[in-house]
Amino acid sequence: MSKERTLSIIKPDGVSKNAIGDILARFEKARLKIVGLKMLNLSEAQAREFYAVHKERPFYNDLVKYMTSGTVVVSALEGDNAVIKNREIMGATDPKKAAAGTIRHDWAESIDANAVHGSDSIENAKIEIKFFFPELG
Ligand code: IDP
Ligand code: MG
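Parameters and conventions
Residues numbered from 1 in each chain as written. Chains lettered and ligands numbered in written order. Predicted model: local features only at pLDDT ≥ 70, side-chain atom pairs only at ≥ 80, totals over all residues. Heavy atoms only, no water. Buried < 20%, exposed > 50% of the residue type's maximum accessible area, 1.4 Å probe, protein only. Helix = DSSP H or I, 4+ residues; strand = E, 2+ residues; numbered from the N terminus. Pairing = 2+ DSSP bridges. Salt bridge = Lys/Arg side-chain N within 4 Å of Asp/Glu carboxyl O. Core = buried A, V, L, I, M, F, W, Y, C linked by side-chain atoms within 4.5 Å. Contact = heavy atoms within 4.5 Å. Near = heavy atom within 4 Å. Polar contact = N/O pair within 3.5 Å; in protein donor to acceptor, adjacent residues only side chain to side chain. Areas by Shrake-Rupley, 256 points an atom, 1.4 Å probe, with all protein chains shown as cover. Nonpolar A, V, L, I, M, F, W, Y, C, P; charged D, E, K, R; others polar.

> How would you sum up the pairing of strand β1 (residues 3-10)? Please name residues and give values.
Most of β1 sits out of view: 6 of its 8 residues are buried. Alignment of β1 against strand β3 (residues 72-80), held across 8 bridges, turns out to be antiparallel. Bridging from a neighbouring strand, R5 pairs with E78 of β3. Where β1 lies against strand β4 (residues 116-118), 3 bridges are found, and the strand directions are antiparallel. Among the inter-strand pairings, I10 is bridged to a residue of β4, identified as V116.

> Give a description of the pattern of salt bridges that names residues and reports values.
Counted according to the given criterion, the structure contains 7 salt bridges. With its nearest N and O atoms 3.5 Å apart, the salt bridge here joins E78 to K3. With E78 in strand β3 and K3 in strand β1, this pair connects stretches of sequence that are 75 residues apart. For K3, a relative accessible area of 64% gives the class exposed. Between R26 and D22 there is a salt bridge, and its shortest N-O distance comes to 2.8 Å. Of this pair, R26 and D22 both sit in helix α2 (residues 20-29), separated by 4 residues, roughly a single helical turn.

> So what's going on with the nonpolar core? Residues and values would help.
Residues L7, I9, M67, V74 and F132 are the most contacted members of the largest nonpolar core, which totals 19 residues. Those elements giving two or more residues to this core turn out to be β1, α3 (44-50), α4 (60-67), β3 and α7 (122-132). In terms of residues, this core owes the most to one element, α4, which gives 5 residues. In this view, I9 contacts F50, M67, V72, V73, V74, A115, V116, H117 and F132; residues no more than four positions away in its chain are not counted. Ranked by size, the runner-up nonpolar core spans 16 residues in total, among them V73, A82, I103 and V116.

> A description of the site of ligand 1 should follow, citing residues and the corresponding values.
Around ligand 1, the surrounding shell consists of K11, H54, F59, L63, R87, T93, R104, I111, D112 and N114. Here H54 contributes a side-chain N or O atom positioned 3.0 Å from an oxygen atom of ligand 1. N114 is positioned such that a nitrogen or oxygen atom in its side chain is 2.9 Å from an oxygen atom of ligand 1. Coverage of ligand 1 by the protein chains reaches 78% of its 520 Å² of free accessible surface. When its residues are assigned to classes, the shell around ligand 1 shows 3 nonpolar, 3 polar and 4 charged.

Written out as structure tokens, the structure reads:
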């Protein structure tokens, strides 16, 4: 097992449903330590840059619009196998396919409003953590 960091975002639907506490508690119960935490509203430029990997995808503009539609909660999580562990806790991108007991199964409504973002690799986690928490180094 290796100690890693990953980035999580509670998306606008998760925040508006009062799911912040539940979602952060799931991370802590899974022994992911919250080493950075910010509540903020993404600017369009920030959302475009953060999701730049998806800029050629048909859903890119809708994704940017959605992520700037309300307040989000960004956290840096640290623990053994943090990247994969967080992806397991999150569940599948499409909530209809998310396994029972996952965040997306329990809170997400649609593939757009799917409650959480999570880094998909150690490499991307480093980039994403730097984007929101340059102070974490
Ligand atoms: P992930 O969030 O599970 O890592 P990605 O494929 O990285 O999924 O996509 C980023 C986000 O873009 C998803 O969380 C979802 O909100 C949105 N998205 C992905 N695929 C689609 C789609 O086919 N239609 C609409 N939105 C999508
Ligand atoms: Mg992704």
